[in-house]
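Take a look at the letters that make up each chain.
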Amino acid sequence: MNDEIIVELRGVSKQFGSYQALHETNLSIKNGEFLTLLGPSGCGKTTLLRIISGFETPDTGTVYINGKDVTKLPPEERHLNMVFQSYALFPHMTVFDNVAFGLRCKKVPEAEIEKRVAEVLRMVKLEQHAKRKPNQLSGGQQQRVAIARAVVNEPVVLLLDEPLSALDHNLRKSMRIELKQLQRRLGITFIFVTHDQEEALSMSDRVAIMTEGYVEQIGTPKDIYEEPNSLYVAKFIGETNIFDSEIQDVRGNKVAVLIEGKKFILTNKRNFSVKQRAHIIVRPEDVAVWGENEITPEETKEMLPGTIEQVIYKGSTVDLIVRLPSEKRILASEFFNEDDENLDYHITEKVWIDWIPGWEVMLPYEEQTESV
């Protein structure tokens, strides 16, 4: 991936009747980047993808591909290809003929077609299946044929609209790895649409979180997960524990807050001021759970007391639900080690919880709506 901008949107918006599907959006995508548009149904991600592809014309703004204004150009003149959720393969054609179809429509010489199709089938590991029909292939293989059919046209950008959603869970996981490896081999830009957080985090160079027609945050998977810039992003990506609090004191880059009635000193990364309300967000894997025999009374002064309400064994981790005296439930996730007797928790056990200062995220208070 280099720093050359391959796709740029400036002030792009789209409305369908009275429904604002996409508010004015600016977005730059680098050459060779794997960018994922992530969000729930109706958030605007597919509308954004269709505007880039040319299947929708924006009401405002400009679309640039390779520095050229393509806002009014039809899809076939944009030098990009799209892979849909339904692979739309021709059932009566072989794998080879499906992949060759677009080239034949362009009257590419047959010798070149043979060479390009053979090459792309090798890339997607389907060279042994060239003579098969789609109904003789697995779902994952059909998906790879759809990608090969798009890639053989040598697009500068490949657009993928929920291409893994029709696959079962295990196949989806293996196809994520294959897709990312394929993208690296090809070296072309992938713009991928999904509502699956794990999919987005595991495959992308950058993720754009969308909600209600806005790009809420864009950044690397690590940035999005560890430094969410809004309550929406924090709740949408992964599990979260959220404490509502108020700033009691500010001294230098530290703030004092009350959490469940106890005073905590946290880092002031966002210039909070005294009496400002805030959310303190702690990921389950950052929560440490201590049995009563593991700590001293002195240590508990900076911890929260609780009771184990549920123990969920997941193989590599043990997930705990800890009920605090306020009845608030905290989720903690600890890596499981068969030799570690400290993870042998039982329901109703009295415990203490804390986390390493600095691992929390503090955000300005927002009225909380229903969880996404």
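Quick look at the structure, then. Please read these numbers as outputs of a predicted model, since none were measured by experiment.

Here is what the cut-offs are and how they apply
- The numbers attached to residues start from 1 for each chain and follow its sequence in the written order.
- The predicted nature of this model means local features are confined to residues of pLDDT at least 70 and side-chain atom pairs, given and counted, to a pLDDT of 80 or more, with totals for whole chains, interfaces and linings taken over all residues.
- Side-chain numbers come from the whole structure's heavy atoms, not from hydrogens or water.
- Put simply, DSSP marks the helices as runs of H or I at least four residues long and the strands as runs of E at least two long, and each gets a number from the N terminus on.
- Burial classes: relative accessible area under 20% of the type maximum marks a residue as buried, over 50% as exposed, and values in between as partly exposed (1.4 Å probe, protein chains only).
- Only heavy atoms enter the contact rule, under which two residues are in contact if any of them lie within 4.5 Å.
- Here an axis means a line fitted to C-alpha atoms, over the contact stretch when the element is a helix, while the angle between two N-to-C directions is reported on a 0 to 180 degree scale.
- Should an angle lie under 35 degrees it is considered roughly parallel, over 145 roughly antiparallel, and from 65 to 115 roughly perpendicular; all remaining angles are considered oblique.
- Handedness of a crossing follows from how the near helix is turned relative to the far one, being left-handed for an anticlockwise turn of less than a right angle and right-handed for a clockwise one.
- Three classes are used: nonpolar for Ala, Val, Leu, Ile, Met, Phe, Trp, Tyr, Cys and Pro, charged for Asp, Glu, Lys and Arg, and polar for all others, with Gly counted as polar.
- Each pair of strands is called paired provided DSSP finds at least two bridges between the two strands.
- What makes a salt bridge here is a side-chain nitrogen of Lys or Arg within 4 Å of a carboxyl oxygen of Asp or Glu, nothing more.
- Stacked, edge-to-face and tilted labels apply to pairs of Phe, Tyr and Trp rings (six-membered ring for Trp) whose centres lie within 6.5 Å, assigned for plane angles under 30 degrees, over 60, and everything in between, in that order.
- Here, over-ring charges are defined by two tests on the NZ atom of lysine or the CZ atom of arginine: distance to the ring centre within 6 Å, and angle to the ring normal within 35 degrees.
- In plain words, nonpolar cores are sets of buried Ala, Val, Leu, Ile, Met, Phe, Trp, Tyr and Cys residues tied together by side-chain atoms within 4.5 Å.

A separate point is the environment of Leu-167. Relative to the assigned elements, Leu-167 resides in the loop between β7 (157-161) and α5 (169-186). When its relative accessible area of 9% is taken as the criterion, Leu-167 is described as buried. Each C-alpha atom, one on Leu-167 and one on Gly-139, is 6.4 Å from the other, the two residues being 28 residues apart in sequence. Leaving out residues up to four positions away in the same chain, Leu-167 has contacts with Tyr-87, Gly-139, Gly-140, Arg-172 and Met-175.

Where helix α4 (residues 139-151) meets α5, the closest approach of the two axes is 11 Å, and the angle between their N-to-C directions is 20 degrees. Classified by the angle between their axes, α4 and α5 sit roughly parallel to one another. Crossing of α4 against α5: the hand is right-handed. Listed contacts from α5 to Gly-139, Gly-140, Gln-143, Arg-144, Ile-147 and Val-151 of α4 are Leu-171, Met-175, Glu-178, Leu-179, Leu-182 and Leu-186. When the residues that make up the contact of α4 with α5 are grouped by side-chain class, the tally is seven nonpolar, three polar and two charged.

A word on the sheet that holds strand β12 (residues 254-259). Spatially, β13-β12-β11-β14-β20 is the arrangement adopted by the five strands of the open sheet, whose pairing is antiparallel. What marks the edges here is a single partner per strand, and that holds for β13 (262-267) and β20 (361-364). The mean inter-strand angle of the sheet, taken between neighbouring strand axes irrespective of direction, is 40 degrees. Where strand β14 (residues 277-282) meets β20, four bridges bridge the pair, whose relative direction is antiparallel. Within β20, the residue paired with Ala-278 across the bridge is Pro-364.

Turning our attention to the pairing of strand β16 (residues 304-313). Relative to strand β19 (residues 350-354), β16 is paired through four bridges, and the arrangement is antiparallel. Residue pairing in the sheet places Leu-304 in a bridge with Ile-353 of β19. The sheet contact formed by β16 and strand β17 (residues 317-323) spans six bridges and is antiparallel. Bridging across to β17, Ile-308 finds its partner in Val-322.

In this section: the pattern of salt bridges. Per the counting criterion, the structure on display carries 20 salt bridges. Asp-196 is paired through a salt bridge with Arg-176; the nearest N and O atoms lie 3.8 Å apart. Within this pair, whereas Asp-196 is found in the loop between β8 (189-194) and α6 (197-203), its partner Arg-176 is found in helix α5, the two being separated by 20 residues in sequence. When its relative accessible area of 19% is taken as the criterion, Asp-196 is described as buried. Assessed through its relative accessible area of 6%, Arg-176 is described here as buried. Two residues, Arg-323 and Glu-309, come together in a salt bridge whose shortest N-O distance is 2.9 Å.

If you walk through the whole model with that rule in mind, you get six aromatic pairs. A ring pair is formed by Phe-34 and Phe-192, whose centres lie 5.8 Å apart and whose planes are at 45 degrees; its orientation type is tilted. Placement of Phe-34 in strand β3 (residues 34-38) and of Phe-192 in strand β8 is noted, with a sequence separation of 158 residues between them. Each member of the pair, Phe-34 as well as Phe-192, is classed as buried. Between Phe-90 and Phe-101 the ring centres are 4.7 Å apart and the planes differ by 55 degrees, which places this aromatic pair in the tilted class. Of this pair, Phe-90 sits in the loop between β6 (80-83) and α2 (95-105) while Phe-101 sits in helix α2, and the two are eleven residues apart along the sequence. For Phe-101, a relative accessible area of 34% corresponds to the partly exposed category. Counting every residue linked through ring pairs, the aromatic cluster contains Phe-34, Phe-190 and Phe-192. Here Arg-277 stacks its cationic end above the ring of Tyr-365, 3.7 Å away from the centre of that ring. Residue placement shows Lys-328 over the ring face of Phe-243; its charged tip is 5.6 Å from the ring centre.

Turning our attention to the nonpolar core. If you look at soluble globular proteins, the nonpolar side chains tend to sit buried side by side. Residues Val-117, Leu-121 and Leu-158 are the most contacted members of the largest nonpolar core, which totals 37 residues. Every element with two or more residues in this core is listed here: α2, α3 (110-123), α4, β7, α5 and β8. Among the elements that line this core, the one with the most residues is α4, at six residues.

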